[in-house]
Amino acid sequence: MKKPVAPKRRHLPTSPFKTPVTPPPEQFAVGDQVTHDMYGLGRVIGIEDDVAALVDFGSVRERIPSPYTKMSKL
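My aim in this report is to walk through the structure given alongside it, one point at a time. (Residues numbered from 1 in each chain as written. Predicted model: local features only at pLDDT ≥ 70, side-chain atom pairs only at ≥ 80, totals over all residues. Heavy atoms only, no water.)

Description of the sheet that holds strand 1 (residues 33–36)
Pairing between sheet strands relies on hydrogen bonds along the backbone, with the strands arranged either parallel or antiparallel. Strand order in the open sheet made by the five strands is 4-3-2-1-5, with antiparallel pairing throughout. Where the open sheet ends on each side, the last strands, each with one partner, are strand 4 (61–65) and strand 5 (71–73). Sheet twist, expressed as the mean angle between neighbouring strand axes with direction ignored, is 40°. The pairing of strand 3 (residues 52–56) with strand 4 spans five bridges and is classified as antiparallel. Across the sheet, Val-55 pairs through a bridge with Glu-62, a residue of strand 4. (Pairing = 2+ DSSP bridges. Helix = DSSP H or I, 4+ residues; strand = E, 2+ residues; numbered from the N terminus. Axes fitted to C-alpha atoms, helices over the stretch in contact; angles between N-to-C directions.)

So, in structure tokens, the structure goes:
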């Protein structure tokens, strides 16, 4: 079951606050060693045109979709 996602708030042009900036997703290359919040340590074994990364975590291979919020490069 998926959790409901709240719609993103739009930025008003007359707002005195800065426009929120979302950083670009991290770029991974084949062979990079990574860590994932759920799966632990792994190594990137494939990239699907900035859509997803195929990662070997030892006991399991997982396809991690972009943006890679729970995965970081070591």
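There's more to say after this.
Here's the deal with the side chain of Asp-32
With respect to the helices and strands, Asp-32 occurs in the segment before strand 1. With a relative accessible area of 18%, Asp-32 lands in the buried category. Here Ala-29 takes part through its backbone nitrogen, which lies 2.8 Å from a polar atom of the side chain of Asp-32. Filtering out sequence-adjacent residues up to four positions away, Asp-32 remains in contact with Gly-42, Arg-43, Val-44 and Lys-73. (Buried < 20%, exposed > 50% of the residue type's maximum accessible area, 1.4 Å probe, protein only. Polar contact = N/O pair within 3.5 Å; in protein donor to acceptor, adjacent residues only side chain to side chain. Contact = heavy atoms within 4.5 Å.)

A short note on a nonpolar patch on the surface
Together, Met-38, Tyr-39 and Val-60 line one region of the surface with nonpolar side chains, adding up to about 260 Å² of accessible area. For Met-38, a relative accessible area of 58% puts it in the exposed group. (Patch = residues over 30% accessible without salt bridge, like charges linked within 9 Å, V, L, I, M, F, W, Y side chains within 5 Å. Areas by Shrake-Rupley, 256 points an atom, 1.4 Å probe, with all protein chains shown as cover. Salt bridge = Lys/Arg side-chain N within 4 Å of Asp/Glu carboxyl O.)

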